[in-house]
There are 2 protein chains.
Amino acid sequence: MISVFGHLNPDTDAITAALVYAHLLSRSGTPATAYRLGEPNQETAFVLRQAGMQAPELLPTLPAGSPVALVDHNEAAQSAPNLADLDVRYVVDHHKLGDLTTAQPAYLRFEPLGCTATLLLKLHREAGLSVEPTDARLLLSAVLSDTLEFRSPTTTDADREAAAFLAPIAGVDDVTAYAMQMFAAKSDLGDTPAERLLKMDYKEFTFGAQQWGLGVIETTNPGYVFGRQAELIAAMQAEKVASGLGGILLSVVDILGETNRTLIVSGAEAEVVKGAFGVEAEGQVADLGQLISRKKQIVPALEAYFSK
Amino acid sequence: MISVFGHLNPDTDAITAALVYAHLLSRSGTPATAYRLGEPNQETAFVLRQAGMQAPELLPTLPAGSPVALVDHNEAAQSAPNLADLDVRYVVDHHKLGDLTTAQPAYLRFEPLGCTATLLLKLHREAGLSVEPTDARLLLSAVLSDTLEFRSPTTTDADREAAAFLAPIAGVDDVTAYAMQMFAAKSDLGDTPAERLLKMDYKEFTFGAQQWGLGVIETTNPGYVFGRQAELIAAMQAEKVASGLGGILLSVVDILGETNRTLIVSGAEAEVVKGAFGVEAEGQVADLGQLISRKKQIVPALEAYFSK
Ligand SMILES: [Mn+2]
Ligand SMILES: [Mn+2]
């Protein structure tokens, strides 16, 4: 039995990709079970309710040598804690290739697309399998989530085509209205503790000799997030110390305005933000303008800065 | 323009995969040129003559940031010397994933198949492109070469199907007779210097803290190779010292007998061979029996030994 899972602090793409790829592997004769590496966020919970699906179980500690499939990630820092001891047989991802290695020749499928879901649709077609309505709903939701309904610069024509193909199978008549519902669910942050808001979509990256933490909150209601600015910066500061980070950023992305105002904790971040983006922070907020993609815009700029 | 190339000390799969993948990328709208990282061996030269093709040019030193496609390899030690400065956009391979990373999301295609050629046939089908007769000849030859005409334990059903599909397009009526011609060309080692025989199909691997060099000579005429044993062991000893290796092995694989007798240089190799394979060397020859695949049998056994 192959265990299939997406990254830590899972987003909608990570959870749905695990569910759909486990199903696809099983239908292709390789029994597989989906797991998650953390709590689904509010958007993902909405998507699962709409699809009539339960969230996958939390990944248990797998015995060394267990066969696994990684979806929507490939780096050890974003994966199961004992990844080095596991037998990576399959990877389906749309991120840059990090520190992954495999003990044996494996099945690896990476494409520079807006989301894992678009690649999973392609795998269905190659296998000659139709996409079942529940899977279509999950995949459509992941396309809309990862591309911010085609607003992100990571969006490709293949992502647009995938959404157009999946919507009727999923029974979604008005894709824009459905995306707005998803984003509203994601923005309904209520009394979520600041620590959880920070970690909702959070990844660590290695830049030169430093480890950085980069969080993103995508919301239709940035005013709510900035109303909790002091709490969030305190949570960032605590995480920075606890994990020995060189820096920590929390980007608040206004989905509809397509803008990014990023919280920083100290002069260290302010200096890096100035060098990497040419932006002077005001107090603890740096206006990164239309740089809304961590993968395609924020991380590459930081990598370029630290490799100078 | 994307530069496409296979591994150092190229075999038939490495050279033909570069030619066919460059052609496929170009036909798909991405201009690409094939290169090689060393002299084609005698078998490859025969295959190119049969296909009416020239060998690709030797890879020049590419400027930093040049876009490249790797075929039939992914590790830096087997690639262009300045790989770390190049922009890896595509990888098509059937080896385990080593130390490769990419600066941006890339197109990566790895499957546990007997050769790269079988995967390239799949890519033609997915792209809805027919395989042209010259490409079919190159791909068929690579399948036969990498799988030793389906004798290697790396052979999969997909490799057998690929060969059966390609043979009529390539105009090869008798696949077995053609494979015998290829193997005879490979075995026609004439007055090739011992240093060149050692390096013809040679890769370095890291086992724990040690670097090892593993050469293979696949031949229908092992008697010829053992007739030059003293020269070959002198060349191995010189390479071991020059490259600061922990050990060096040269496996002489009898293609038709499907057996492997491996040359060693010293007690260091004898001890490792005993521990990893349970085989006592006689003089400077270790009989590894039917372990004829470096990728699937020799390397994993050495890795297991050194990780104990
Ligand atoms: Mn994703
Ligand atoms: Mn190969």
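Residues numbered from 1 in each chain as written. Chains lettered and ligands numbered in written order. Predicted model: local features only at pLDDT ≥ 70, side-chain atom pairs only at ≥ 80, totals over all residues. Heavy atoms only, no water.

Going by what an unreviewed UniProt entry lists, chain A is known as inorganic diphosphatase and is assigned to Deinococcus irradiatisoli. Under the heading Catalytic activity (unreviewed entry), UniProt records this for chain A: "diphosphate + H2O = 2 phosphate + H(+)". A UniProt comment under Cofactor (unreviewed entry) is attached to chain A, and it reads "Mn(2+)". (UniProt positions renumbered as here; feature names shortened; annotations may be inferred.)

Once that is clear, we can look at the overall build of chain A. Per the secondary structure count, chain A includes 11 helices and 11 strands. In terms of C-alpha radius of gyration, chain A reaches 19 Å, essentially the compact-globule figure of 19 Å for 308 residues. In terms of overall dimensions, chain A has C-alpha extents of about 55 × 45 × 35 Å along its principal axes. Classification of the 308 residues of chain A by burial places 58% in the buried group. Look at the contacts in chain A between residues 6 or more apart in sequence, and 65% of them connect residues 24 or more apart. Accessible area for chain A stands at about 11,700 Å²; split by element, carbon and sulfur atoms hold 51% of it. (Helix = DSSP H or I, 4+ residues; strand = E, 2+ residues; numbered from the N terminus. Rg over C-alpha atoms; globule rule 2.2 N^0.38 Å. Buried < 20%, exposed > 50% of the residue type's maximum accessible area, 1.4 Å probe, protein only. Contact = heavy atoms within 4.5 Å. Areas by Shrake-Rupley, 256 points an atom, 1.4 Å probe, with all protein chains shown as cover.)

We now examine the coordination of the manganese ion (ligand 1). All names here are of chain A. Looking at the manganese ion (ligand 1), one finds its protein donor set to be Asp13 (OD), Asp72 (OD), His94 (NE2) and Asp146 (OD), positioned 2.2 to 2.3 Å from the metal centre. Donor residues binding the manganese ion (ligand 1) come from one chain and are separated in sequence as D-x58-D-x21-H-x51-D. Of the two residues, Asp13 sits in helix α1 (residues 12-27) while Asp72 sits in the loop between β4 (67-71) and β5 (87-93), which places them 59 residues apart along the sequence. Its relative accessible area of 0% is what places Asp13 among the buried residues. (Donors = N, O, S within 2.8 Å, 3.2 Å for Na, K, Ca; no water.)

Time to look at the interface of chain A and chain B. Every contact between the two is made by 22 residues of chain A and, on the other side, 22 residues of chain B. Approximately 1,900 Å² of surface area, both sides summed, lies buried where chain A meets chain B, with 59% of it carried by carbon and sulfur atoms. Counting the surface chain A buries against chain B, the share from its top three residues, A:Leu97, A:Pro105 and A:Leu108, is 31%. Viewed at the interface, chain B and chain A are joined by two salt bridges. Residue A:Glu126 is joined to B:Arg109 by a salt bridge in which the shortest nitrogen-to-oxygen separation is 3.9 Å. Scanning the region where chain A abuts chain B turns up four residue pairs in polar contact (both at pLDDT 80 or more). Elements supplying a minimum of two residues to the side of chain A that touches chain B: β6 (107-110) and α11 (294-306) of chain A. Among the elements that make up the side of chain A that touches chain B, the one with the highest residue count is β6(A) (four residues). Each residue belonging to the side of chain A that touches chain B can be placed in one class, and the counts come to 10 nonpolar, six polar and six charged. Pairing geometry for β6(A) and strand β6 (residues 107-110) of chain B, over three bridges, is antiparallel. For A:Leu108, the partnering residue across the bridge sits in β6(B) and is B:Phe110. (Buried area = accessible area lost by both parts, 1.4 Å probe. Salt bridge = Lys/Arg side-chain N within 4 Å of Asp/Glu carboxyl O. Polar contact = N/O pair within 3.5 Å; in protein donor to acceptor, adjacent residues only side chain to side chain. Nonpolar A, V, L, I, M, F, W, Y, C, P; charged D, E, K, R; others polar. Pairing = 2+ DSSP bridges.)

With that settled, the discussion passes to unusual backbone geometry. Unusually for a residue other than glycine, A:Asp72 sits at a positive phi of about 60°. By relative accessible area, A:Asp72 is classed as buried at 1%. The backbone phi angle of B:Glu258 is positive, close to 55°, even though this residue is not glycine. With respect to the element layout, B:Glu258 can be found in the loop between β9 (247-254) and β10 (259-264). Of the residues examined, B:Glu258 reaches a relative accessible area of 28% and is grouped as partly exposed.

Our next topic: the relation of the copies chain A and chain B. Least-squares fitting of chain A to chain B yields an RMSD of 0.1 Å, with the superposition described by an axial translation of 0.1 Å and a rotation of 180°. When the rotation and shift are considered jointly, the pair of chain copies conforms to a two-fold rotation axis. Within chain A, A:Arg109 has its C-alpha nearest the rotation axis, a separation of 2.6 Å. (Least-squares fit on C-alpha atoms with pLDDT ≥ 70 in both.)

Bringing the environment of B:Gly98 into the picture now. Positionally, B:Gly98 belongs in the loop between β5 (87-93) and β6. Counting along the chain gives 143 residues from B:Gly98 to B:Val241, while the straight-line C-alpha distance between them is 25 Å. Apart from the residues within four sequence positions on either side, B:Gly98 is in contact with A:Leu100, A:Thr101, B:Asn74 and B:Glu75.

Residue and element names in this part refer to chain B. The five strands are arranged β7-β8-β9-β10-β11 in an open sheet whose pairing can be described as mixed. Of all the strands in the sheet, just β7 (202-207) and β11 (285-287) have a single pairing partner and so form its edges. For this sheet, the mean angle separating the axes of adjacent strands, direction not counted, is 25°. With six bridges joining them, β7 and strand β8 (residues 210-219) adopt antiparallel strand pairing. Counterpart to Phe205 in the pairing with β8 is Trp212. (Axes fitted to C-alpha atoms, helices over the stretch in contact; angles between N-to-C directions.)

On to the confidence of the model for chain A, then. For chain A, mean pLDDT is 96; residues scoring 70 or higher make up 100% of the total. Confidence metrics for the complex model read pTM 0.89 and ipTM 0.87. (pLDDT = per-residue confidence, 0-100.)

This brings us to the UniProt feature "domain: DHHA2" (unreviewed entry) in chain A. Per the UniProt entry, the sites bearing "domain: DHHA2" (unreviewed entry) are residues 179-306 of chain A in this numbering. In residues 179-306 of chain A, helix accounts for 45% and strand for 26%; the two terminal C-alpha atoms are 36 Å from one another.

Residues and elements named next belong to chain B. For Glu75, the position within the fold is in the loop between β4 (67-71) and β5. We note that Glu75 is buried and unpaired, the nearest opposite charge coming from Lys96 at a distance of 4.4 Å. In this view, Glu75 contacts Lys96, Gly98 and Asp99; residues no more than four positions away in its chain are not counted. (Lys, Arg positive; Asp, Glu negative; His and termini not counted.)

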